[in-house]
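# Understanding the architecture of this molecule
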Amino acid sequence: VAGAAAALRVRGALAAAVGCCLGFGAVLAPLALPGPDPSPAPTGPELRVMTANVQYGRAEPEAVVRLVRERRVDLLGVQELTPEFHDALLAAGLAELLPHMVIDARPGPDGTGLYSRHPAEAVDVEVDARSAHPTGLVDVPGAPPVQVTVVHPVPPVGGDLGAWRRTLRTLPRPEGDGRVHMLIGDFNATADQPTMRALLDDGYVDAAAARGQGWVPTWSRGLGPALPIDHVLVDRSTAVAGVSVHGLPGSDHKAVVAELRLPAG
């Protein structure tokens, strides 16, 4: 639009287009710049976390398990987890790698699950959402208890915009309760959306943005733009050592793997 306005010498339209570009750039530029690390630096154990939306259970379970094995994942959050896909993950050997589970598998897109290398127990956290949002309290040796919620709100389109906002607003926040807090999953949100930015303002760091990779797309469909809507959010006591994005055969989402350093505890 700015180019067309410049070519046609329509100064008002050019000024408006340039202003929009600058404003949008100001919001998104930090996603491509590594953020500050926690100070003091955490000295606890490493933890590798992965999130994967398996698109109604159509992804290849063997590919998910292979990623877990190759990337040495300690915590896996799965969205759109059907009972059949959960069984397929177990048949592919996931339980040998991540034997502790907090699972709410459902038909269609509303099932969700947490798989852990370390002992994990379900904790009751109220999230206003259509889909399952299981929360586990994970016992990582050498670290405080790690509270992890697997996230999957409805997309913020049409009549579901209000439901999407309510889900993000009711997700648990870091509370200074001696726990490490994490949110992992398909947020159906990018960082230019105010509700998502408000969630970050309440004490979370996007792991990809912390390493200057917050712009890397994780979802695409048809002719629409590819967008970074799958996230690993950590509280500000946790350091992000690295983030990588991996294709999931059979799914329209990519998996996100974050390498973290937890506080000691």
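Before going into details, it helps to say that this report is about the structure given with it. The model shown is predicted, which means the values in this text are computed figures rather than measured ones. (Residues numbered from 1 in each chain as written. Predicted model: local features only at pLDDT ≥ 70, side-chain atom pairs only at ≥ 80, totals over all residues. Heavy atoms only, no water.)

When its secondary structure is counted, the chain shows eight helices and twelve strands. Relative to the compact-globule value of 18 Å for 265 residues, the chain shows a C-alpha radius of gyration of 19 Å, a close match. Oriented by its inertia axes, the alpha-carbon framework of the chain measures out at about 65 × 45 × 35 Å. The burial tally for the chain puts 48% of its 265 residues in the buried class. If you take every contact in the chain between residues at least 6 apart in sequence, the share linking residues at least 24 apart comes to 68%. Roughly 12000 Å² of accessible area belongs to the chain as shown, and the carbon and sulfur atoms make up 56% of that amount. Both charge centroids of the chain, one from 22 positive and one from 29 negative side chains, sit 9 Å from each other. (Helix = DSSP H or I, 4+ residues; strand = E, 2+ residues; numbered from the N terminus. Rg over C-alpha atoms; globule rule 2.2 N^0.38 Å. Buried < 20%, exposed > 50% of the residue type's maximum accessible area, 1.4 Å probe, protein only. Contact = heavy atoms within 4.5 Å. Areas by Shrake-Rupley, 256 points an atom, 1.4 Å probe, with all protein chains shown as cover. Lys, Arg positive; Asp, Glu negative; His and termini not counted. Charge placed at Lys NZ, Arg CZ, Asp CG, Glu CD.)

A few words now on the sheet that holds strand β10 (residues 230-235). One open sheet accounts for six strands, arranged β5-β6-β7-β8-β10-β9; its pairing is mixed. Looking at which strands have only one partner, the edges of the open sheet turn out to be β5 (120-122) and β9 (204-206). For this sheet, the mean inter-axis angle between neighbouring strands, taken without regard to orientation, is 25 degrees. (Pairing = 2+ DSSP bridges. Axes fitted to C-alpha atoms, helices over the stretch in contact; angles between N-to-C directions.)

Taken together, the buried positions of helix α3 (residues 61-70) are Pro61, Ala63, Val64, Val65, Leu67 and Val68. Where α3 is buried, its residues contact β1 (46-53), β2 (75-79), α4 (83-91), α5 (94-97), β11 (239-247) and β12 (254-261). Residue Arg72 follows α3 closely and has a positive phi angle near 55 degrees.

The next subject is the packing of aromatic side chains. Evaluated as defined, the whole model comprises zero aromatic pairs. When the ring centre of Tyr56 is taken as reference, the NZ or CZ atom of Arg58 above it lies at 5.0 Å. (Phe/Tyr/Trp six-rings, centres within 6.5 Å; stacked < 30°, edge-to-face > 60°. Lys NZ or Arg CZ within 6 Å of the ring centre and 35° of its normal.)

This part covers the pattern of salt bridges. All chains considered together, the criterion is met by ten salt bridges. Asp104 is the partner of Arg106 in a salt bridge, and the nearest nitrogen-oxygen pair spans 3.0 Å. It is possible to trace a salt-bridge network through shared partners that takes in Glu46, Arg48 and Arg261. (Salt bridge = Lys/Arg side-chain N within 4 Å of Asp/Glu carboxyl O.)

A word on the nonpolar core. Ranked by internal contacts, the top residues of the largest apolar core, which has 25 residues, are Val49, Val146, Val148, Met182, Val232 and Leu262. Elements with a minimum of two residues in this core: β1, β7 (146-151), β8 (180-186), α8 (207-210), β10, β11 and β12. What Val49 contacts, discounting residues up to four positions off in sequence, is Leu75, Met182, Ile184, Val232, Val256, Val257, Ala258 and Leu260. (Core = buried A, V, L, I, M, F, W, Y, C linked by side-chain atoms within 4.5 Å.)

Turning next to the side chain of Ser251. Following the sequence through the fold, Ser251 ends up in the loop between β11 and β12. Sequence-distant contacts of Ser251, defined by excluding residues within four places in its chain, comprise Asn53, Val54, Gln55 and Ala59.

Closest axis-to-axis distance for the helix α6 (residues 161-170)/helix α7 (residues 194-201) pair is 10 Å, and the angle between their directions is 5 degrees. As far as their axial angle goes, α7 and α6 are roughly parallel. Within the contact between the two elements, α6 uses Trp164, Arg165 and Leu168 and α7 uses Thr195, Met196 and Leu199. Its residues assigned to classes, the contact of α6 with α7 shows four nonpolar, one polar and one charged. (Parallel < 35°, antiparallel > 145°, perpendicular 65-115°, else oblique. Nonpolar A, V, L, I, M, F, W, Y, C, P; charged D, E, K, R; others polar.)

The next subject is the packing of α3 against α4. As a packed pair, α3 and α4 sit with axes 9 Å apart at the nearest point and diverge in direction by 50 degrees. Classified by the angle between their axes, α3 and α4 sit oblique to one another. The interaxial crossing formed by α3 with α4 has right-handed handedness. Here Pro61, Val64 and Val65 of α3 lie close against α4, whose contacting residues are Phe85, Ala88 and Leu89. Each residue belonging to the contact of α3 with α4 can be placed in one class, and the counts come to six nonpolar, no polar and no charged. (Left-handed = near helix turned anticlockwise from the far one by under 90°.)

Turning our eyes to something else, we now look at the environment of Gln213. Summarising the element assignment, Gln213 is placed in the loop between α8 and β10. Overall, Gln213 belongs to the partly exposed group, its relative accessible area being 27%. Here the alpha-carbon distance between Gln213 and Thr190, two residues 23 residues apart in the chain, equals 13 Å.

What follows deals with the sheet that holds β1. Pairing is mixed across the open sheet formed by six strands, whose spatial order is β3-β4-β2-β1-β12-β11. The sheet is open, and its two borders are formed by β3 (100-104) and β11, each paired with just one other strand. Between one strand axis and the next, the sheet turns by 10 degrees as a mean value, whatever way the strands run. The pairing of β11 with β12 spans eight bridges and is classified as antiparallel. If you follow Val245 over to β12, its bridge partner there is Val256. Along the sheet, α3 contacts β1, β2, β11 and β12; its crossing angle with β1, the most-contacted strand, is approximately 165 degrees.

Just distances and angles here, no functional claims.
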